[in-house]
Amino acid sequence: MQLRGVFGATIITLFLSGTGCVSSDRGELTSFSASQSPTETRSLALRGIKALEANDTELASKFMNAALKRDVKNSQLQMLNGLVYHLRALRSDATFFDLAREGYELAVQFDPGNWLARYYLGLLKLDRRKYREAQEVLAEAALFNEEDPSLLYSLAVASYYARDPQFAAGVLHRLRE
């Protein structure tokens with residue numbers, strides 16, 4: 001799976017939704033008290049994003065988990081945490097797929113309109129070769145965002161491998177419009 005191109009769009013979307021903040025500090029992970037501000041949570045998330053951009057998924061995981069300790073019901077943080085585990089699963093250890101799935105599912109639970117979490121969950125299911133499940137989840141994501149070409153293409157791929165060529169053809173037709 002190609003997460004690189006989709007990753008930039010994810011980060012931009014999350015910044016626009018208010019999850020990210022601008023900071024150049026990538027310092028070491030420290031413990032945080034419950035009395036700290038939401039800005040510090042966003043700062044931890046940004047550090048995790050910067051670690052991801054540097055391909056340091058282990059450090060990214062530490063920062064995302066620290067941010068989640070402060071705001072466990074934050075859908076965007078859950079989605080990013082799922083993304084970190086997804087990348088770790090693809091790069092080194094397939095046991096992280098379950099943690100990635102859990103992160104994406106929690107993101108959807110906390111914000112049912114989080115189409116990006118549904119999209120990435122669909123990509124994860126494609127990676128796991130669960131094509132029918134991927135088709136379902138990606139179709140749900142498309143209900144929230146029917147204009148995203150990467151989402152529609154992934155839905156067409158999932159549909160094709162799920163042995164639903166008519167649906168795949170319909171999605172590809174929609175892509176050409």
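It should be noted that the structure appears before, not after, this text.
## Focus: the packing of helix α7 (residues 131-144) against helix α8 (residues 149-161)
How two helices sit against one another is set out by the angle between their axes and by the gap between those axes. One way to put it is that α7 packs onto α8 with a least axis distance of 8 Å and a crossing angle of 150 degrees. What the angle tells us is that α7 and α8 run roughly antiparallel. The hand of the α7/α8 crossing is left-handed. Contacts between α7 and α8 involve Tyr131, Ala134, Gln135, Leu138, Ala139, Ala141 and Ala142 on the former and, on the latter, Leu151, Leu152, Ser154, Leu155, Ala158, Ser159 and Tyr161. Its residues assigned to classes, the contact of α7 with α8 comprises 11 nonpolar, three polar and no charged.

## Topic: the nonpolar core
In this structure, Met79, Leu83, Tyr104, Tyr119, Tyr120, Leu138 and Leu151 are the most contacted members of the largest nonpolar core, which totals 46 residues. Counting only elements with at least two residues in this core, the list comes to α2 (38-53), α3 (57-70), α4 (75-91), α5 (96-110), α6 (115-127), α7 and α8. Examining the composition of this core, we find that nine residues originate from one element, α6, more than from any other. Excluding anything up to four places from it in sequence, tyrosine 104 contacts Gln78, Met79, Gly82, Leu83, His86, Ala117, Tyr120, Leu121 and Leu124.

## Section: the packing of aromatic side chains
The way to describe two aromatic rings as a pair is by their centre distance and the angle between their planes. Under the definition given, this model contains six aromatic pairs. Considering the side-chain rings of tyrosine 85 and phenylalanine 96, the 5.6 Å spacing of their centres and the 20 degrees angle between planes classify their relative orientation as stacked. Placement of the pair is tyrosine 85 in helix α4 and phenylalanine 96 in helix α5, with a sequence separation of 11 residues. Ring geometry for tyrosine 119 versus tyrosine 120: centroids 5.5 Å apart, planes at 55 degrees, classification tilted.

Each value, and the rule that gives it
- Residues numbered from 1 in each chain as written.
- Predicted model: local features only at pLDDT ≥ 70, side-chain atom pairs only at ≥ 80, totals over all residues.
- Heavy atoms only, no water.
- Axes fitted to C-alpha atoms, helices over the stretch in contact; angles between N-to-C directions.
- Helix = DSSP H or I, 4+ residues; strand = E, 2+ residues; numbered from the N terminus.
- Parallel < 35°, antiparallel > 145°, perpendicular 65-115°, else oblique.
- Left-handed = near helix turned anticlockwise from the far one by under 90°.
- Contact = heavy atoms within 4.5 Å.
- Nonpolar A, V, L, I, M, F, W, Y, C, P; charged D, E, K, R; others polar.
- Core = buried A, V, L, I, M, F, W, Y, C linked by side-chain atoms within 4.5 Å.
- Buried < 20%, exposed > 50% of the residue type's maximum accessible area, 1.4 Å probe, protein only.
- Phe/Tyr/Trp six-rings, centres within 6.5 Å; stacked < 30°, edge-to-face > 60°.

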